[in-house]
Amino acid sequence: MLGGTNVPLPNAQNIGAGITINAANEVFTITTAGRYYITYQINITTALLVRSRLIVNGAANLASTVTPILSLSTFNNDVILTLAANSTVSLQLFGLAALVTLLGNGAGAAVTIIRLS
């Protein structure tokens, strides 16, 4: 995970029109250009000095990056982004060579994407 590992999301998702997700439940494709509110939460079983971020079209989104100075077990952030049609968005943990375990029962990770305009 040192360079970045996509966070798998739960299978039971409420995805609206214009957004799809890949078979691994890791990469969203936004088919309609516009401004989007994107928020994420990650809950891990052990506090670690790891970082989180959104990857948009293959590049790290700095505004979405959480870089703690102490170990955390919960990460969250939200951003408003202007996205082109067919943009991709994924959630990553990075910066530590360790095994990370998400909390079970669907509480491990979530992403919300809302089109504003």
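Residues numbered from 1 in each chain as written. Predicted model: local features only at pLDDT ≥ 70, side-chain atom pairs only at ≥ 80, totals over all residues. Heavy atoms only, no water.

Labelled according to an unreviewed UniProt entry, the protein appears under the name BclA C-terminal domain-containing protein, originating from Paenibacillus plantiphilus.

Participant: Whenever I open this one, the packing of aromatic side chains confuses me. Can you help?
Facilitator: Both the distance between ring centres and the angle between the ring planes are used here to describe each pair of aromatic rings. Counting across every chain of the model gives zero aromatic pairs. The ring of phenylalanine 94 carries the charged tip of arginine 53 above its face, separated from the ring centre by 3.7 Å. (Phe/Tyr/Trp six-rings, centres within 6.5 Å; stacked < 30°, edge-to-face > 60°. Lys NZ or Arg CZ within 6 Å of the ring centre and 35° of its normal.)

Participant: How do you make sense of the sheet that holds strand β4 (residues 34–48) when you look at a structure like this?
Facilitator: In a beta sheet, neighbouring strands are held together by backbone hydrogen bonds and run either parallel or antiparallel to one another. Strand order in the open sheet formed by three strands is β7-β4-β9, and the pairing between neighbours is antiparallel. Strand pairing shows two members of the sheet lacking a second neighbour, β7 (72–83) and β9 (109–115), which therefore form its edges. The sheet shows a mean angle of 10 degrees between the axes of neighbouring strands, taken without regard to direction. In terms of strand pairing, β4 meets β9 through seven bridges, oriented antiparallel. In the sheet register, isoleucine 38 faces β9, and the bridge partner there is isoleucine 113. (Pairing = 2+ DSSP bridges. Helix = DSSP H or I, 4+ residues; strand = E, 2+ residues; numbered from the N terminus. Axes fitted to C-alpha atoms, helices over the stretch in contact; angles between N-to-C directions.)

Participant: Honestly, the confidence of the model for the protein in this entry has me stumped. Any pointers?
Facilitator: The predicted coordinates should not be examined in detail at positions where pLDDT is low. Within the protein, residue pLDDT values average 92, and 97% of them lie at 70 or more. The element-level mean pLDDT for the protein is lowest in strand β2 (residues 19–21), coming to 92, with strand β5 (residues 51–56) highest at 98. (pLDDT = per-residue confidence, 0-100.)

Participant: Just to check I follow, could you spell out unusual backbone geometry for this structure?
Facilitator: Only a minority of non-glycine residues have a phi that is not negative, and only a minority of peptide bonds are not trans. Not every positive phi belongs to a glycine, and asparagine 57 is a case in point at roughly 50 degrees. Within the secondary structure, asparagine 57 is located in the loop between β5 and β6 (59–66). Asparagine 57 sits in the partly exposed class, given a relative accessible area of 45%. (Buried < 20%, exposed > 50% of the residue type's maximum accessible area, 1.4 Å probe, protein only.)

Participant: Sorry if this is basic, but what is going on with the side chain of threonine 39 here?
Facilitator: Of note, threonine 39 is situated in strand β4. Polar side-chain contacts of threonine 39 include one of 3.4 Å to the side chain of glutamine 41. Setting aside residues up to four positions removed in sequence, threonine 39 forms contacts with Asn77, Asp78, Ala110, Val111 and Thr112. (Polar contact = N/O pair within 3.5 Å; in protein donor to acceptor, adjacent residues only side chain to side chain. Contact = heavy atoms within 4.5 Å.)

Participant: Would you mind going over the environment of glycine 16 with me for this structure?
Facilitator: With respect to the helices and strands, the residue glycine 16 is situated in the loop between β1 (5–6) and β2. In this structure, the C-alpha to C-alpha distance between glycine 16 and serine 87, residues 71 residues apart in sequence, is 16 Å.

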